[in-house]
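Structural overview for review
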Amino acid sequence: MSDQITFTQAYNRALDEAMAADPNVILLGEDIGEKEGGGVFKVTGGLGPKHGMERVRTTPISEQAIVGAAIGASLAGMKPVAEIMLMNFITVAMDQIVNHAAKLRFMSGGQTNVPITIRTRTGAGMSAAGQHSDMLEAWFCHTAGIKVVIPSTPAEAVGLLRACIDDPDPCLFIEDALTRADKGPAPDVANYSIPLGKANVEKEGTDVSFISYGRPLKDMRKMVDKLEADGISVEIVDLRTVSPLDTDTIVASVNKTGRAVVAHEAVRSFGVGAEVVARLQEHCFGNLKAPIKRVASADCAVPFARKLEHGAFLYQASDIEKAIRETLEGK
Amino acid sequence: MSDQITFTQAYNRALDEAMAADPNVILLGEDIGEKEGGGVFKVTGGLGPKHGMERVRTTPISEQAIVGAAIGASLAGMKPVAEIMLMNFITVAMDQIVNHAAKLRFMSGGQTNVPITIRTRTGAGMSAAGQHSDMLEAWFCHTAGIKVVIPSTPAEAVGLLRACIDDPDPCLFIEDALTRADKGPAPDVANYSIPLGKANVEKEGTDVSFISYGRPLKDMRKMVDKLEADGISVEIVDLRTVSPLDTDTIVASVNKTGRAVVAHEAVRSFGVGAEVVARLQEHCFGNLKAPIKRVASADCAVPFARKLEHGAFLYQASDIEKAIRETLEGK
Amino acid sequence: MSTTESFSPAHLLEVYKKARKINIVDERIRGLIRSGAMHPVYYSPRGQEVVAAGMGVHLNSEDYLCTIYRGIHDQVAKGMPLDVLLAEYFMKVTGACKGKGGAMHITHPPTGVMVTTGVVGSSMPIANGLAWASQLKGDGRVSVATFGDGASNIGAFHEALNLAALWKLPVIFLCQNNRYQECTAYEDSTPVESIATRAVAYGPNMAGVRVNGNDAEEMWTAMRDAVARARAGDGPTLIEAMTFRYMGHYFGDQAPYIPKEELEAEMAKDPMITIRQQVLDSGAAAESDLDAIDAEINAEFDAAVEFAKSSPEPELDEVTKDVYGAA
Amino acid sequence: MSTTESFSPAHLLEVYKKARKINIVDERIRGLIRSGAMHPVYYSPRGQEVVAAGMGVHLNSEDYLCTIYRGIHDQVAKGMPLDVLLAEYFMKVTGACKGKGGAMHITHPPTGVMVTTGVVGSSMPIANGLAWASQLKGDGRVSVATFGDGASNIGAFHEALNLAALWKLPVIFLCQNNRYQECTAYEDSTPVESIATRAVAYGPNMAGVRVNGNDAEEMWTAMRDAVARARAGDGPTLIEAMTFRYMGHYFGDQAPYIPKEELEAEMAKDPMITIRQQVLDSGAAAESDLDAIDAEINAEFDAAVEFAKSSPEPELDEVTKDVYGAA
Ligand SMILES: Cc1ncc(C[n+]2csc(CCOP(=O)(O)OP(=O)(O)O)c2C)c(N)n1
Ligand SMILES: Cc1ncc(C[n+]2csc(CCOP(=O)(O)OP(=O)(O)O)c2C)c(N)n1
Ligand SMILES: [Mg+2]
Ligand SMILES: [Mg+2]
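Residues numbered from 1 in each chain as written. Chains lettered and ligands numbered in written order. Predicted model: local features only at pLDDT ≥ 70, side-chain atom pairs only at ≥ 80, totals over all residues. Heavy atoms only, no water.

Right, let's talk about the overall build of chain C for a bit. When its secondary structure is counted, chain C shows 10 helices and eight strands. Relative to the compact-globule value of 20 Å for 327 residues, chain C shows a C-alpha radius of gyration of 19 Å, a close match. Dimensions of chain C, computed from the C-alpha atoms along their principal axes, are close to 55 × 55 × 40 Å. Scored against the burial criterion, the 327 residues of chain C give a buried share of 65%. For chain C, long-range pairs separated by at least 24 residues make up 74% of all intrachain contacts whose partners lie at least 6 apart in sequence. With an accessible surface of roughly 10,300 Å², chain C has 53% of that area assigned to carbon and sulfur atoms. Distance from the positive charge centre (28 side chains) to the negative charge centre (43 side chains) of chain C: 3 Å. (Helix = DSSP H or I, 4+ residues; strand = E, 2+ residues; numbered from the N terminus. Rg over C-alpha atoms; globule rule 2.2 N^0.38 Å. Buried < 20%, exposed > 50% of the residue type's maximum accessible area, 1.4 Å probe, protein only. Contact = heavy atoms within 4.5 Å. Areas by Shrake-Rupley, 256 points an atom, 1.4 Å probe, with all protein chains shown as cover. Lys, Arg positive; Asp, Glu negative; His and termini not counted. Charge placed at Lys NZ, Arg CZ, Asp CG, Glu CD.)

Dropping the structure here:
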């Protein structure tokens, strides 16, 4: 992996390669067309002129119509990628996603399937306040039939988004708005794809398993050397696909380390972390040396004031470090 | 508690008493008016003639408009009770519920609040298949600002629904469609109300804590004597309010018994049970004698065929008994 | 079929055959439910047979249909075979959906029955997507979304019609206005006199027409024009087909909310009696021919029931299948 | 105010005063952002001042307003004081929402600013509820939902207008058609020439009118009629106020998607320049009077900035407050 690309460039690359590889890949969403500048976050820029303007359609502000059109087109053999500008707006399309996209394969007894990808974007930290920042992935994880995927590096962004597009089932691909300009090594192979449903042990360790996805992994990568220097060997497990959850990989890791810290940006209660903890205590009970700790954001709406958003709502990197150290003290 | 009433009669009684007590209590929903027969499940029958037809409004099939109207009226001092006929249709109104009802108090810095009650109904077992049976309570539990309440007896139904209506915040009150005609003792006092946010230890026990809400409690009540006869003393904890979760009560119970089985009808993964398990292992780690077990329904859409719905999708009462016995064997 | 072709006795007979098939299937399914032979939640289309038949005769199996819980008339009109349809009602693994979707979610791609939804309004956004695919591929297919009068008040209706008009999609929105939405009367939920009027909100690309859906010629002609318009790439059509729901909302509904006089007046206009007489008067067929048609339909139904009854139930592990496909 | 009262120079001056206040507040807020003094996500109403002012002059503080992220013009027109408004922008605990809601969620019940939503379309269903409460109480209040042209394509718009017409609610749907929805032009999302046309879909109870929202008299008259209609219990009105968005979607948006010619042509019709001249020509005020008005507005703004800057930030434990109330 040589040259550096941003997350935004990574999403664009995955879409570009997928469109080149399969003429059935089509895009729809608000402002995503070339005339509109390729989306408010510029992810789809250049794709229309390169692969055909008809394949990149700007829509009205109609999330139900957007997801419904994606579902219908997929039933006719297309591979639509729908953009929901920000995740809070997905609340408008829940019926289409949960009652239809996720269930049609099952309800049709396997006669039909819905190979759509819904790209959306969210995350706190930009003073966008209560209706533009929520991490709602747990809702979709609680819905059988749809896959939930969240990348934590530009390379993962390329490989996981491509895997979602190529997948035969509906995939919800969640992009972090705050860190979209962060850079990382680009995959040096074309058509790079990362298998869905597999967590990645990105660093082996012996003392504690750090299990997460998305943003908190970026915090851990920054502190892992410091922890090692203090004699704490952390095994970093990147879920990549949040649902279906790769139980085998996280259980193997915690059976080895005997300790775990689970972290996510979403609010704490009834979040993804709870399911990870529940499965670990079911499968690793006898091997646990300390309670599994959760690090997550506060149970409230995302506040506007920077001081509150960064200082009290969002989980803190220091919370992660504290949790790691405490679990080693058996706390 | 003398005479017996059904759950349906219980809901009607709570609404009746609340409307008599407070002229600001108003009802809206599909088919709920007298002309339409008082709702497809007959919960609102008779209330219009008794308290004023204007206070019981049948609406078009427009869940966003229904919840929005309830929110707006509540901001003007009313206490609206909105009926969403079946829970799967709440997917149409998620924006109004999650982005608005649950957040307006916080986003307004406490200047406004949304004292609405959303009554809805769901549950598998009636061959209503994939789009009419889902238990989606976990989504709302993951949303700060709204309370989630589920009764397991007619008396609770009266007391909890009344508490929801009187509560200053939005409450989601979930009724079980399958057992709506089941009978139980009626509260013998008028205006009976049960405090929200408090779990109820309805039976003390020493060997294992059974923590649940709604339907599985009915299964446990049937088997608890048999278990006692076999020398297994079960402590039954009825959450009543699923969110905010009464951590103190469940932790105290499990610190005492050292064992727990958590059960719900909703699908297993990323459900309410996961949060209960996560909190218990955080607070009771040292006292746990066996892994906490979860009993829940299968991770798929609700199937149509009776054989599949009752035999493979729904959690089984026998699963509860098996979990209780296994946890005592330390499994 | 060309736009100019006009309604003939032969067309009338075509419509009759489909309508009669729907009629017999519905009557017999209700008989099976009454007898306790099957237990689906059932939404009878009794009274709406001609609407569906008038739609079906203009479509071929490649065309797409998205219908609703009250959809058996649409499914039969679209040409779905009765064996897999009934086996699904009987909760058997040989059912179209292996017994997993059920009566409210019938799917049968070979005959273009792509989605049957239980959620009001949700057939429309999906039909747009099917039509969008046809537009991109240029395969000349037409997509039809059927729905009820009550569905015209939900957000999905508005978003779907707006997008269809904007993109000039080859889609037809067939509103079966049977005057009731569960227990609520049209005028108690819908402040506009005609749903077809709502087409105006979507500009010139959206045609809007209101017809007596229980009249074979009117219904046939409206669909002829809408299909021709769609296939020619001229855009979508909103058809409001006026009809009536004779058997209440679901099987067992006594419909006390329908005024006696209204129900009687509507019953007196039974479209099945009318069309049968029209066929005979037109000379397209004689009594004996119609009896033969009935016999053929009943034979197919008998065989379907036999097939369904003799089929096995799904195995319990079906709940673990079709949740996700093999990636 | 009676329906028959007609537009006078005095009314023009009233509209001017509100429009000018909006104009100065917006200019100065953009100045503060440019200077780095504050960091809200900001959606400038520049170009839409007269629309909001023409609305505001017909409402009193008891009337209800539900507006959107692009809402500061509506909030100021509704009479919201600048100190708590600016303190919110400055993320201070003295802000209307204690710094927790922010610029996109301004709330101020004392002046009837009940909801500011960041979700397209969501102001409308809530405004219905406020109007429903007024209808039940008979308090004679009017509720106004403001929203953009793009919001007329989302489901909530349809459901809300349908219910308002059905229940004859005292509500006004004020669509501020500024021709763009983020980067998308009106004609690329909306197949109907005029949004006011959509009122037809909701029957006779829903009035629909399209006006030049940048013209004080047209806007004032349309609101006069809509308010009178609502207060009289005659039903809701959909007003399509034609205007333009001069500063792009959000602060910093260079709006490359707007054709240069279009932008220049619109800029040449700046409603603030027009109304100022109209006021002078009408004799309602002289240059010196207008300078005095500016001075007064600037003084209030200066004081508000001072108040905001000198106010404390919220304490961290604010995240635990206002999540739930005391039961
Ligand atoms: C979003 C949603 N809300 C409510 C329901 C419950 N429901 C099922 S059918 C029905 C009435 C629909 O009436 P209409 O659209 O006229 O169709 P019809 O049943 O008359 O054919 C309702 C309210 C639903 N299925 N989906
Ligand atoms: C449901 C939803 N979808 C998308 C967005 C993102 N968004 C914010 S403003 C906007 C454009 C709205 O345009 P319009 O309604 O014309 O109002 P304007 O901004 O022009 O005043 C969009 C798409 C949103 N806030 N809500
Ligand atoms: Mg109907
Ligand atoms: Mg606009």
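Attention shifts here to the sheet that holds strand β7 (residues 207-212) of chain D. Residues and elements named next belong to chain D. Spatial strand order, β2-β1-β3-β4-β8-β7: six strands in an open sheet with parallel pairing. Every interior strand has two partners, whereas the edge strands, β2 (113-117) and β7, have only one. Going across the sheet, the axis of each strand differs from the next one's by a mean of 15°, ignoring polarity. Two strands pair when backbone bridges link them, and strand β4 (residues 171-177) and strand β8 (residues 237-242) are joined in this way by six bridges, in the parallel orientation. Note on β8: the bridge partner recorded for Leu174 is Ile239. Sitting on the sheet, helix α6 (residues 155-167) touches β3 (143-148), β4 and β8, and the angle it makes with β4 is about 145°. (Pairing = 2+ DSSP bridges. Axes fitted to C-alpha atoms, helices over the stretch in contact; angles between N-to-C directions.)

Before going further, it helps to spend a moment on the relation of the copies chain C and chain D. When chain C is fitted to chain D, the residual RMSD is 0.0 Å, and the transformation amounts to a turn of 180° plus an axial shift of 0.0 Å. Between the two chains, the operation in question is that of a two-fold axis. When each C-alpha of chain C is compared by its distance to the rotation axis, Gly155 of chain C comes out closest, at 1.7 Å. Interface residue correspondence from chain C to chain D reaches 100%, placing this contact among same-surface, isologous pairings. (Least-squares fit on C-alpha atoms with pLDDT ≥ 70 in both.)

All names here are of chain B. Taken together, the buried positions of helix α9 (residues 247-257) are occupied by Thr247, Thr249, Ile250, Val251, Ser253, Val254 and Thr257. On its buried face, α9 is in contact with β9 (200-203), β10 (208-212), β11 (234-238), β13 (260-267) and α10 (272-284). Trailing α9 by a residue or two, Gly258 shows a phi angle of about 80°, which is positive.

What follows is about the sheet that holds strand β3 (residues 56-58) of chain B. Residue and element names in this part refer to chain B. Spatial strand order, β3-β2-β4-β5-β7-β6-β12: seven strands in an open sheet with mixed pairing. Only two strands of the sheet have a single partner each, and these edge strands are β3 and β12 (241-243). Across the sheet, the mean angle separating the axes of adjacent strands is 25° when strand polarity is ignored.

Let us now look at the site of ligand 2. Close contacts around ligand 2 come from 20 residues, with Glu63 of chain A together with Tyr69, Gly118, Asp149 and Tyr180 of chain D the closest. At the site occupied by ligand 2, nearby residues are drawn from chains A and D. Glu63 of chain A places a side-chain nitrogen or oxygen 2.7 Å from a nitrogen atom of ligand 2. The backbone of Gly118 of chain D places a nitrogen or oxygen atom 2.8 Å from a nitrogen atom of ligand 2. The protein chains hide 98% of the 580 Å² of surface that ligand 2 would expose on its own. Considered class by class, the residues forming the shell around ligand 2 number nine nonpolar, six polar and five charged. (Near = heavy atom within 4 Å. Polar contact = N/O pair within 3.5 Å; in protein donor to acceptor, adjacent residues only side chain to side chain. Nonpolar A, V, L, I, M, F, W, Y, C, P; charged D, E, K, R; others polar.)

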